[in-house]
Number of protein chains: 2
Amino acid sequence: MAKATRGSERREEALSRERIVEVAIELLDDEGEGGLTFRALASRLATGPGAIYWHIANKNELLVAASDAVVARAMGEVLASASPREAIRGIAAGVFEAIDAHPWVGAQLSRAPWQTAMLQIFERLGRQVQALGGPERAWFTSASALLSYIIGVSVQNAANGRLLEPPVDRADFLEKVSAQWTRDAHAYPFTVKVAARLREHDDRAEFLAGIDLILAGIEASR
Amino acid sequence: MAKATRGSERREEALSRERIVEVAIELLDDEGEGGLTFRALASRLATGPGAIYWHIANKNELLVAASDAVVARAMGEVLASASPREAIRGIAAGVFEAIDAHPWVGAQLSRAPWQTAMLQIFERLGRQVQALGGPERAWFTSASALLSYIIGVSVQNAANGRLLEPPVDRADFLEKVSAQWTRDAHAYPFTVKVAARLREHDDRAEFLAGIDLILAGIEASR
DNA sequence: ACCTGAACACCGTTCAAGT
DNA sequence: ACCTGAACACCGTTCAAGT
């Protein structure tokens, strides 16, 4: 009913659950987990902190809704694949990249599993595990293992990213970490031996190599 | 220099980093993550909140120190094993049980990887991966995949435990979850198909089955 | 029905003052 | 050197009062 509705975003949208979640995601992306406060969020929404509580029960519900939205979007963008194997790699990469782009989602998923977000990923993975063609009794274990691995790596990758963010350079950081290990060489002989690989490894490639390992395990044990 | 030093704990110990960390662990175990505040901790230590800062820089350092201590203890209790395979299962079970008993450790490990705690687990796993006898170029990937999977499952298991703690019965909860899935049967056909397994599955056994899957993958791809 | 914003009961952390 | 505890700058959440 505004006099001139412009095609793009209107200046004054009414408060709604969807809009609150959307702005919360922006805030989390911009400022990190610590940046999401009801005061900051209210200010971006040009209202008072109390108004938000009319639409959302509390901060936890807000975080659940925000991470569900991000995961749903990511799953929607996963392309169809020729083989189940490729499809599983695609889902895995989609989750990895979504959490890499929105690190706070990782923290939220490990704080509250059994969210819709996890269920969505599990379902997607499961269908492909089924298509892989092993015996039915192995499906649950295979899909669970894939889900746990994917979430585990993605969360740690996101945490690393957050750690490195402000001033630190990735190469510098890894250099320092592996130097530390070399100093403790007597206590950590294995780690020192593979430290070179740490310095040069590609997180995403390493992640997918782990997926292949689990897929090989699934195929081997049927 | 007390008049009568008793064999067991003295009533009045001086403040020290070790003692603070020890009492913090007790507090976290008793009250959960939310229970660790500098005021509550100070009160258990019969001092003021400011005193703690003489020994520990901030809350994050306290959480890192506490989880390092728990993991170090758990790793110390892992028994020697005949085969590398058994040793890896033992390390995995040790981590799983330590995080199950101290759920807050899970949250902390996924918030701050590259802690001593993670390094210790990685080193232990790595030595056994090496003993497994595959090619050296595969060691890093194999040990990383195992570590990620172990931490991923343990963290989620701990989060579930926290979720279920207060009044909820595990069977009831799983019943409700799988009922929810059945209602959304059209959206989650795979999940519904394996829901029966969810209701009756044993988390620890499922976890070890996942380890076996990865081990099978490691052996298959060499 | 929905919004406002002051107020409440907490936090982590600092710091002047003590011993 | 180490401890004390009040004070500061924040939180999430509630709620009387408004429209």
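All values derive from a computational prediction rather than experimental measurement.

Student: Outline the packing of aromatic side chains, supporting the account with residue identities and numerical values.
Tutor: Throughout the structure, instances matching the rule amount to 12 aromatic pairs over all chains. For the ring pair Phe190 of chain A and Trp139 of chain B, a centre distance of 6.3 Å and an interplane angle of 45° mean the geometry is tilted. Taken together, the positions of Phe190 of chain A in helix H10 (residues 189–200) and Trp139 of chain B in helix H8 (residues 139–164) put the pair across two chains. Among the residues examined, Trp139 of chain B registers a relative accessible area of 10% and is labelled buried. Where Phe38 of chain B meets Tyr53 of chain B, the ring centres are 4.7 Å apart and the plane angle is 20°; that geometry is what we call stacked. With a gap of 15 residues between them, Phe38 of chain B in helix H2 (residues 38–44) and Tyr53 of chain B in the loop between helix H3 (49–52) and helix H4 (59–76) connect regions that are remote in the sequence. Phe38 of chain B gets classed as buried once you look at its relative accessible area, which sits at 13%. Classification of Tyr53 of chain B by relative accessible area gives partly exposed; the value is 45%. Taken together through their ring pairs, the aromatic side chains of Phe122, Trp139 and Phe140 of chain A together with Phe190 of chain B make up a single cluster.

Student: So what about helix H6 (residues 103–111) of chain B? Which residues, and what values?
Tutor: Within an α-helix, residues lying three or four positions from one another point in the same direction, as the helix has 3.6 residues per turn. The buried fraction of H6 of chain B is high, at 8 of 9 residues. All buried positions along H6 of chain B are accounted for by Pro103, Trp104, Val105, Gly106, Ala107, Gln108, Leu109 and Ser110 of chain B.

Student: Quick one: what's the story with the protein's contact with DNA strand C, residue by residue and with numbers?
Tutor: Contacts to DNA strand C come from 17 residues, most closely from Thr47, Gly50 and His55 of chain A together with Arg39 and Lys59 of chain B. Backbone atoms, meaning sugar and phosphate, form 50% of the atoms of DNA strand C found within 4 Å of the protein. Measuring from a base oxygen of DNA strand C, one finds a backbone N or O atom of Gly50 of chain A at 3.5 Å. Phe38 of chain B is positioned such that a nitrogen or oxygen atom in its backbone is 3.0 Å from a phosphate oxygen of DNA strand C. Among the secondary structure elements, those contributing two or more residues to the surface near DNA strand C are helix H3 (49–52) of chain A together with H2 of chain B. Top element by residues in the surface near DNA strand C is H3 of chain A. It accounts for 3 residues. Of the residues in the surface near DNA strand C, the class split is 7 nonpolar, 7 polar and 3 charged.

Student: Tell me about the packing of helix H5 (residues 84–101) of chain A against helix H11 (residues 203–220) of chain A, and please be specific about residues and values.
Tutor: Residue and element names in this part refer to chain A. Following both chains from N to C, one finds H5 and H11 inclined at 140°, their axes separated by 11 Å at the closest point. In the packing of H5 onto H11, the handedness of the crossing is right-handed. Together, Arg85, Ile88, Arg89, Ala92, Ala93, Phe96 and Glu97 of H5 and Asp203, Arg204, Phe207, Leu208, Ile211, Asp212, Leu215 and Glu219 of H11 make up the contact between the two elements. In terms of residue class, the contact of H5 with H11 is built from 8 nonpolar, no polar and 7 charged.

Student: Describe the relation of the copies chain B and chain A, listing the residues and the values that go with them.
Tutor: Laying chain B over chain A is done by rotating through 180° and shifting 0.0 Å along the axis; what remains is an RMSD of 0.0 Å. In short, the pair behaves as if placed about a two-fold rotation axis.

Student: Go over the interface of chain B and chain A, please, and point to the residues and values.
Tutor: In this assembly, 55 residues from chain B lie in contact with 55 residues from chain A. Surface buried jointly by chain B and chain A totals about 4,900 Å² across both partners, of which 71% is contributed by carbon and sulfur atoms. On the chain B side of the interface with chain A, the three residues burying the most area are Trp114, Phe140 and Phe190 of chain B, jointly 17% of the side's total. Taken together, the connections running from chain B to chain A amount to 0 salt bridges. Summed over the shared surface of chain B and chain A, the number is 10 residue pairs in polar contact (both at pLDDT 80 or more). Here the side of chain B that touches chain A gets 16 residues from one element, more than from any other, and that element is H8 of chain B. Of the residues in the side of chain B that touches chain A, the class split is 31 nonpolar, 16 polar and 8 charged.

Student: Go over the protein's contact with DNA strand D, please, and point to the residues and values.
Tutor: Not every one of the 16 residues close to DNA strand D is listed here, only the nearest: Arg39 and Lys59 of chain A together with Thr47, Gly50 and His55 of chain B. Here the atoms of DNA strand D within 4 Å of the protein split so that 49% fall in sugar or phosphate, with bases taking the remainder. At 3.4 Å from a phosphate oxygen of DNA strand D is found a main-chain nitrogen or oxygen belonging to Leu36 of chain A. One of the side-chain N or O atoms of Trp54 of chain B is found 3.3 Å from a phosphate oxygen in DNA strand D. Those elements giving two or more residues to the surface near DNA strand D turn out to be helix H2 (38–44) of chain A together with H3 of chain B. Grouping the amino acids of the surface near DNA strand D by side-chain chemistry returns 6 nonpolar, 7 polar and 3 charged.

Criteria and thresholds
Residues numbered from 1 in each chain as written. Chains lettered and ligands numbered in written order. Predicted model: local features only at pLDDT ≥ 70, side-chain atom pairs only at ≥ 80, totals over all residues. Heavy atoms only, no water. Phe/Tyr/Trp six-rings, centres within 6.5 Å; stacked < 30°, edge-to-face > 60°. Helix = DSSP H or I, 4+ residues; strand = E, 2+ residues; numbered from the N terminus. Buried < 20%, exposed > 50% of the residue type's maximum accessible area, 1.4 Å probe, protein only. Near = heavy atom within 4 Å. Polar contact = N/O pair within 3.5 Å; in protein donor to acceptor, adjacent residues only side chain to side chain. Nonpolar A, V, L, I, M, F, W, Y, C, P; charged D, E, K, R; others polar. Axes fitted to C-alpha atoms, helices over the stretch in contact; angles between N-to-C directions. Left-handed = near helix turned anticlockwise from the far one by under 90°. Contact = heavy atoms within 4.5 Å. Least-squares fit on C-alpha atoms with pLDDT ≥ 70 in both. Buried area = accessible area lost by both parts, 1.4 Å probe. Salt bridge = Lys/Arg side-chain N within 4 Å of Asp/Glu carboxyl O.

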